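Here is how the chains run, residue by residue.
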Amino acid sequence: MNPILRCVIKTRDQLGETPLWCPRTEKVWWIDIEKPKLHSFDERTGKYAVYPFDCTFLGSLALHRDGGFVVALDNTLHRFDPVIGALHKIVEVEPADAGTRLNDGRCDSRGRLWIGTMDAAIEKPLGSFYRVDPDGNVQKFFDDIIVTNSVATSPDGRTLYMSDTRRFKLWAFDLDLDRGVITNRRVFVDYEGQRGRPDGACVDREGYVWNAVFTGHRVVRYAPNGKLDRVIELPVTNPTCVCLGGTDLRTLYITTATKMIDPPVLAHEDWAGALLAIDVDVAGLPESLFGFPIDADR
């Protein structure tokens, strides 16, 4: 029997993004970038919560090793504790007047956050790609990015994926975990000429890459060699990001957006901006946490 796509909750997000499964709370968390808020939902109890932020863009989200989350408010990373509402600055990655904002990011197994910036107007290659260490050190690797997306790592932590959505390219890099550097950039998937462009991604335990296809009405799964393995068509124009969650990590959560859809079309997309889900056979990987592991040699 084919798994059934379901709508978890209709939040009508303008730009829903970055779903994360948090094992500490056993909830799925995600953000609305352009109406800055953090959502959480417990599928067992139906409990929903929302946390608004005073910023222009809430660009990214990661789990913090010491509890709570790392949130990207405009160009600055903060630690956020949703229990008490506390917000503590970690580091400003780029100046506030740079015309950019932080976007997609993900932690590696050593507790470092790999994250990119993008042109806030989504037009020019003003963005860069960074490694942010738990002590606040920021290392820039390259620039000339319009929109950073698809940041994810392989099960062994030796491959890092990222894309430039506006250039229709999803790349793979060699990741040296000991040195914290990426090299050997190569095209993993070229979306040029396809319907839609690469947005958020995650990797499952077999090393296959799930990717949301913005403006493409679908999410797709690629083998580690870049060969297309599976397509899930969706009743929405703009899927934005994916994660594997649930207590068995076999629920594929999909965030979506209402932006960039003509009003007559949007009127017929009841699930646009909602959090969607479908059960899959291959489990995901536990989300890596921001912060030095207890046994790490700093």
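Scroll up to find the structure this text is about.
Source: prediction; values computed, not measured.

Here we look at the state of the cysteines
Enumeration over the complete set of coordinates arrives at 0 disulfides. Unpaired in terms of disulfides, Cys202 finds its nearest cysteine sulfur in Cys243, a separation of 6.6 Å.

Quick look at the pattern of salt bridges
Evaluated as defined, the whole model comprises 22 salt bridges. Residue Lys259 is joined to Glu34 by a salt bridge in which the shortest nitrogen-to-oxygen separation is 2.6 Å. Residue Lys259 is located in the loop between strand 23 (251-256) and helix 1 (263-266), and its partner Glu34 is located in the loop between strand 3 (27-32) and strand 4 (37-42); the two are separated by 225 residues in the primary sequence. The class for Lys259 is buried, based on a relative accessible area of 15%. Measuring nitrogen to oxygen at the nearest pair gives 4.0 Å for the salt bridge that ties Glu192 to Lys169. In this pair, Glu192 is assigned in the loop between strand 17 (181-190) and strand 18 (197-203) and Lys169 in strand 16 (residues 169-176), connecting sequence segments 23 residues apart. Overlapping salt bridges, with partners in common, bring together Asp204, Glu206, Arg221 and Asp229 in one network.

As for the packing of aromatic side chains
Evaluation of the coordinates by the stated rule reveals 11 aromatic pairs. Ring geometry for Trp29 against Phe69: centres 4.6 Å apart, planes inclined by 50°, an arrangement best described as tilted. Here Trp29, found in strand 3, pairs with Phe69, found in strand 7 (residues 69-73); they are 40 residues apart in sequence, far enough to count as distant. The exposure classification of Trp29 matches that of Phe69, with both residues buried. Ring centres of Tyr191 and Tyr222 lie 6.3 Å apart, and the angle between their planes is 85°; on these two criteria the pair is classed as edge-to-face. Here the residue Tyr191 occupies a position in the loop between strand 17 and strand 18, and Tyr222 occupies one in strand 20 (residues 218-222), the gap between them amounting to 31 residues.

Examining the sheet that holds strand 12 (residues 127-132)
Strand order in the open sheet made by the 4 strands is 10-11-12-13, with antiparallel pairing throughout. With partners counted over all chains shown, the strands left at the sheet margins are strand 10 (100-107) and strand 13 (138-145), one partner each. The average undirected angle you get between the axes of adjacent strands in this sheet is 20°. Both strand 12 and strand 13 contribute to a ladder of 5 bridges, which runs antiparallel. Residue pairing in the sheet places Val132 in a bridge with Val138 of strand 13.

Details of the side chain of Glu17
Topologically, Glu17 is positioned in strand 2 (residues 16-22). In this structure Glu17 is buried but unpaired, with Arg101 as the nearest side chain of opposite charge at 7.4 Å. Glu17 has contacts with Trp30, Ile31, Ile33, Asn149, Asp199, Thr240, Cys241 and Thr255, leaving out every residue within four places of it along the chain.

Section: unusual backbone geometry
If you check the backbone angles, Ile122 has positive phi at about 60° while not being a glycine. Summarising the element assignment, Ile122 is placed in the loop between strand 11 (113-119) and strand 12. With a relative accessible area of 21%, Ile122 lands in the partly exposed category. Positive phi outside glycine occurs at Ser150, with the angle close to 60°. Positionally, Ser150 belongs in strand 14 (residues 148-153). Exposure remark for Ser150: the relative accessible area of 0% places this residue in the buried category.

Cut-offs and rules
- Residues numbered from 1 in each chain as written.
- Predicted model: local features only at pLDDT ≥ 70, side-chain atom pairs only at ≥ 80, totals over all residues.
- Heavy atoms only, no water.
- Disulfide = S-S within 2.5 Å.
- Salt bridge = Lys/Arg side-chain N within 4 Å of Asp/Glu carboxyl O.
- Helix = DSSP H or I, 4+ residues; strand = E, 2+ residues; numbered from the N terminus.
- Buried < 20%, exposed > 50% of the residue type's maximum accessible area, 1.4 Å probe, protein only.
- Phe/Tyr/Trp six-rings, centres within 6.5 Å; stacked < 30°, edge-to-face > 60°.
- Pairing = 2+ DSSP bridges.
- Axes fitted to C-alpha atoms, helices over the stretch in contact; angles between N-to-C directions.
- Lys, Arg positive; Asp, Glu negative; His and termini not counted.
- Contact = heavy atoms within 4.5 Å.

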